[in-house]
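One letter stands for each residue in the lines below.
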Amino acid sequence: MHYTDCIVPAVIVVWAAFEYHRREQEFKEKMAYFARGLPPPQPAPFHPSWRLWTTGLTALSLFAFVAGMVFLGITTLPRYRTSFFLIALPFAFLLPVLLLILRRDYRIARRVSDRKGDS
């Protein structure tokens, strides 16, 4: 085991600690509102554009991977074709799901930007 194998789990643990702290603070603030008999304020609907970019780039990367595997399956020796197609198959099923998520995120972002323009 190389010492760099510990970096990713360490980053995940640190991120999880910060995320837990953030959510705990958010929970305490909501409970303070409830203790005073007030409903907590609703956050403004905001959908960051980076979600669109990361989802789109992931979909594009996944499409390129599936297309590459299919291309290799078509152009390689006949005895290896099945392997490439079997590798591409589960990812090909994930691609439509990712495209549906991208479409949903785009519609949310467009709806939020339309509301900001109306104000």
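Overview of the structure. Within each chain, residue numbers correspond to sequence positions counted from 1 in written order. Whole-chain, interface and lining totals are the exception, using all residues; otherwise, since this is a predicted model, local features are given only for residues with pLDDT of at least 70 and side-chain atom pairs are given and counted only at 80 or more. Think of the side-chain values as coming from all heavy atoms in the structure, minus any hydrogens and water.

## Describing the overall build of the protein chain
We count it as follows: Secondary structure counts use DSSP, requiring at least four H or I residues in a row for a helix and at least two E residues in a row for a strand, with both numbered from the N terminus. The globule rule used here is 2.2 Å times the number of residues to the 0.38 power, and the radius of gyration it is set against is calculated over C-alpha atoms. For every residue, the accessible area (1.4 Å probe, protein chains only) is compared with the maximum for its type, and the residue is labelled buried under 20%, exposed over 50%, or partly exposed between those bounds. Contacts: residue pairs with any heavy atoms within 4.5 Å of one another. Working definition of accessibility: Shrake-Rupley area with a 1.4 Å probe, residue cover restricted to the visible protein chains. When charges are counted, Lys and Arg contribute as positive and Asp and Glu as negative, whereas His and the chain ends are disregarded. Note on charges: their place is set at NZ of Lys, CZ of Arg, CG of Asp or CD of Glu.
Secondary structure summary: the protein chain contains three helices and zero strands in total. Along the protein chain, helices (α) and strands (β) appear in the sequence α-α-α when read from the amino end. For 119 residues, the compact-globule estimate of 2.2 N^0.38 gives 14 Å, and the protein chain exceeds it by more than 25% at 22 Å. For the protein chain, the residues scored as buried account for 14% of the 119 residues in total. The long-range fraction of contacts in the protein chain, counting pairs at least 24 apart against all pairs at least 6 apart in sequence, stands at 59%. About 10000 Å² of surface is accessible on the protein chain, with carbon and sulfur atoms providing 70% of the total. A gap of 9 Å separates the mean positions of the 15 positive and 8 negative side-chain charges of the protein chain.

## Some words on the layout of surface pockets
Defined as follows: Here a cavity denotes grid points, spaced 1 Å and computed from the protein atoms alone, that fit a 1.4 Å probe unable to get out, and a pocket denotes an open set having protein on both sides within 12 Å along at least 5 of 7 lines; residues with an atom within 4 Å of a point are the lining. Grid points are joined across faces, edges and corners, and a volume is the space filled by probe spheres set on the points. Ten residue types, Ala, Val, Leu, Ile, Met, Phe, Trp, Tyr, Cys and Pro, are classed as nonpolar, four, Asp, Glu, Lys and Arg, as charged, and the remainder, Gly among them, as polar.
If you add up the space inside the largest pocket, you get close to 170 Å³. For the largest pocket, the full set of lining residues is E26, E29, K30, Y33, P40, P41, Q42 and P43. The residue makeup of the lining of the largest pocket, split by class, is four nonpolar, one polar and three charged.

## What to know about helix α1 (residues 7-35)
Given 3.6 residues to a turn, an α-helix orients residues that are three or four positions apart in the same direction. In plain terms, the rule: Helix span, as expected, comes to 1.5 Å for every residue beyond the first.
Its 29 residues give α1 an end-to-end C-alpha distance of 42 Å, which sits within 8% of 42 Å, the value for a rise of 1.5 Å per residue. Just downstream of α1 lies G37, where phi reads positive at about 80°.

## Things to note about the packing of aromatic side chains
Defined as follows: Each pair of aromatic rings taken from Phe, Tyr and Trp, with Trp reduced to its six-membered ring, is defined by centres within 6.5 Å and is described as stacked if the planes are under 30 degrees apart, edge-to-face if over 60, and tilted in the remaining cases. Think of it as a cone above the ring: NZ of Lys or CZ of Arg counts as a charge over the ring if it is within 6 Å of the ring centre and within 35 degrees of the ring normal.
This model, assessed by the stated rule, comprises one aromatic pair. Lying over the aromatic face of Y33, R36 brings its terminal NZ or CZ to 4.8 Å of the ring centre.

## Describing a nonpolar patch on the surface
The condition that has to hold: Distance thresholds for patches are 9 Å for like charges and 5 Å for nonpolar side chains (Val, Leu, Ile, Met, Phe, Trp, Tyr), applied to residues having over 30% relative accessible area and no salt bridge. A pairing counts as a salt bridge when a side-chain nitrogen of Lys or Arg comes within 4 Å of a carboxyl oxygen of Asp or Glu.
Side chains of F65, I87, F91 and L94 sit close together on the surface and give an oily, nonpolar patch of about 330 Å² of accessible area. For the nonpolar patch, the element with the highest residue contribution is helix α3 (residues 78-118), accounting for three residues.

## Concerning the pattern of salt bridges
Summed over the entire model, instances satisfying the criterion amount to four salt bridges. Note that R22 and E19 form a salt bridge whose closest N and O atoms lie 2.5 Å from each other. Here R22 pairs with E19, and both are found in helix α1, just three residues apart, close to one helical turn. When its relative accessible area of 17% is taken as the criterion, E19 is described as buried. Notably, a salt bridge pairs E26 with R22, separated by 3.2 Å at the nearest N-O pair. Taken together, the residues span about one helical turn, with E26 and R22 both in helix α1 at a distance of four residues.

## What about a positive patch on the surface?
On the surface, R103, R107, R110, R111 and R115 cluster together to form a positively charged patch. Looking at where R110 falls in the secondary structure, it is placed in helix α3.

## Quick look at the side chain of T55
Positionally, T55 belongs in helix α2 (residues 49-75). Non-local contacts of T55, meaning those with residues more than four positions away in its chain, are made with L98, I101, L102 and D105.

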